[in-house]
Amino acid sequence: MMIRRNEGPRALIDSFGRAITYLRVSLTDKCNMKCGYCYASTARDTAITPELDNKGLLTPIRAFASLGVNKVRFTGGEPLLRRGIVELVAHTREIAGISIIGVTTNGLLAERNLARLIDAGLNRINISLDTLNRHRFKAITGVDGFDRVGAGIEAAVSSGAFSQVKVNTVVMRGINDDELRALAEWAIGRGIDIRFIEFMPTEKSGWSRERFVGEVEMRSKIGLELIPVSEEGNSRGPATTYKYKDLPGRVSFISAVSCSFCDNCNRLRLTSKGEVIGCLFQEDKMDLGQMIHKGASIGEISQRIVEAVARPGFRRQPDDVSITSYKPLMKAVGG
Ligand code: SAM
């Protein structure tokens, strides 16, 4: 690991030469949905670990910004359940170097919070939606919230605050794989970028090979002549993106199981407890919680981040396509 000093801000480069510019922050383990593929548990949903307050979370976010991170995404659990999220977005917006602030939400509370979040500086949004059928929606999520999520998506589109609203759809055989074409057409017609996500074998996800649908099969089920588009700069991520004719909507695939995109991975994760995670599928993590509670400075926190990124095994090798035995709990690490 090296810290590169150019004329610009410092850059955090891992031992495989990948620059880290993107931080995903899980704001809470709690969720107001019970999607079986994310957290198949009937246990009462209380936060699994004590969470840092906003001040505590802003310290590592500032440290990451000082190391060259320019994009922060708030996720969870359900990030909009977190009290003070609007203030957190506003404070993050004030941090020098951070220009992109996103949220990944299930959308239940989106319509109600959107205007204040946009005012605070939110400029990216991903809303999860796995079906266009309200009964199926309830069966998947455990919540009768199809209309509320739909209203959240419409509010995000009509706000004009986002260059493109993204919708995340986890595809599962026998659950929603018969809706791929309809979902793609729905998104394209609204100028939305729908991202079909391969079902990943995460902790408590009930994953099975039978349920899994790979990208190749998804594309054949969609059956539209999709044209690849290249995403540049900060939009570059794990998704491969397509357009249909010259319509503004996009169809993307996030193929975490059938394809490896580790070679251009630019992200780290921070949990609501203060743990830094180098890779979704590596167990190694670094806990900043104690340091933050003791009032460590941004410089001290930055130094610990630099040391963690240098650790062998903290970041996965770019060409490692093996399936690891370690499985993350999505509602804690935020997907
Ligand atoms: N509650 C928010 C939401 O629903 O978008 C944010 C947290 S959720 C863990 C983030 C993303 O992870 C969602 O788009 C969700 O669909 C996805 N996800 C959860 N479990 C998954 C799994 N086993 N495989 C693939 N994606 C998963």
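The present account deals with the structure reproduced in this document. (Residues numbered from 1 in each chain as written. Predicted model: local features only at pLDDT ≥ 70, side-chain atom pairs only at ≥ 80, totals over all residues. Heavy atoms only, no water.)

Here we look at the site of the ligand
Contacts to the ligand come from 20 residues, most closely from Tyr 37, Gly 77, Glu 78, Ser 128 and Met 200. Between Glu 78 and the ligand, the recorded distance is 3.1 Å, taken from a side-chain N or O atom to a nitrogen atom. Elements represented by at least two residues in the shell around the ligand include exactly strand 6 (100-105), strand 8 (166-171) and strand 9 (193-198). By residue class, the composition of the shell around the ligand is 7 nonpolar, 11 polar and 2 charged. (Near = heavy atom within 4 Å. Polar contact = N/O pair within 3.5 Å; in protein donor to acceptor, adjacent residues only side chain to side chain. Helix = DSSP H or I, 4+ residues; strand = E, 2+ residues; numbered from the N terminus. Nonpolar A, V, L, I, M, F, W, Y, C, P; charged D, E, K, R; others polar.)

Some remarks on the side chain of Asn 123
The residue Asn 123 is located in the loop between helix 3 (110-120) and strand 7 (124-128) in this model. On the basis of relative accessible area, Asn 123 is assigned to the buried category, the value being 18%. At 2.8 Å, the side chain of Asn 123 forms a polar contact with the backbone nitrogen of Ile 101. For Asn 123, the residues in contact, after removing those within four places along its chain, are Ser 99, Ile 100, Ile 101, Ala 161 and Phe 162. (Buried < 20%, exposed > 50% of the residue type's maximum accessible area, 1.4 Å probe, protein only. Contact = heavy atoms within 4.5 Å.)

A short note on the nonpolar core
A general tendency of soluble globular proteins is for nonpolar side chains to be buried together. The biggest cluster of nonpolar side chains holds 88 residues, and the ones touching the most others in it are Phe 74, Phe 196 and Ile 305. Ignoring any residue separated from it by four or fewer positions in sequence, one finds Ile 305 in contact with Leu 12, Ala 63, Phe 64, Leu 67, Met 286 and Leu 288. Membership of the second largest hydrophobic core comes to 7 residues, among which are Met 200, Ile 277, Met 330 and Val 333. (Core = buried A, V, L, I, M, F, W, Y, C linked by side-chain atoms within 4.5 Å.)

Let's talk about the sheet that holds strand 10 (residues 226-229)
The strand order 10-11-12-9-8-7-6-5-4-13-14-15 describes an open sheet built from 12 strands, whose pairing is mixed. Strands at the two margins of the open sheet, each flanked by one partner only, are strand 10 and strand 15 (285-287). Looking at each pair of strands side by side, their axes are set apart by 25° on average, direction ignored. Pairing between strand 13 (residues 267-270) and strand 14 (residues 275-277): 2 bridges, direction antiparallel. Looking at strand 14, one finds that Arg 269 is bridged to Ile 277. (Pairing = 2+ DSSP bridges. Axes fitted to C-alpha atoms, helices over the stretch in contact; angles between N-to-C directions.)

Some words on the packing of helix 2 (residues 85-93) against helix 3
In helix packing, the relevant descriptors are the interaxial angle and the interaxial distance, both defined with respect to the helix axes. Relative to each other, helix 2 and helix 3 sit at 20°, their axes nearing to 8 Å. The angle between helix 2 and helix 3 falls in the class roughly parallel. Crossing hand, helix 2 versus helix 3: right-handed. On helix 3, the residues that touch Ile 85, Val 86, Val 89, Ala 90 and Arg 93 of helix 2 are Arg 116, Leu 117 and Ala 120. Among the residues forming the contact of helix 2 with helix 3, the class breakdown is 6 nonpolar, no polar and 2 charged. (Parallel < 35°, antiparallel > 145°, perpendicular 65-115°, else oblique. Left-handed = near helix turned anticlockwise from the far one by under 90°.)

Some points on the pattern of salt bridges
Pairing is possible between side chains that carry opposite charge, provided their charged atoms lie close to one another. Taken as a whole and judged by the stated rule, the model has 13 salt bridges. For Asp 14, the salt bridge identified is with Arg 18, shortest N-O distance 2.8 Å. The two residues Asp 14 and Arg 18 agree in class, both being buried. For Arg 134, the salt bridge identified is with Asp 147, shortest N-O distance 3.0 Å. Here Arg 134, found in helix 4 (residues 134-141), pairs with Asp 147, found in helix 5 (residues 146-159); they are 13 residues apart in sequence, far enough to count as distant. (Salt bridge = Lys/Arg side-chain N within 4 Å of Asp/Glu carboxyl O.)

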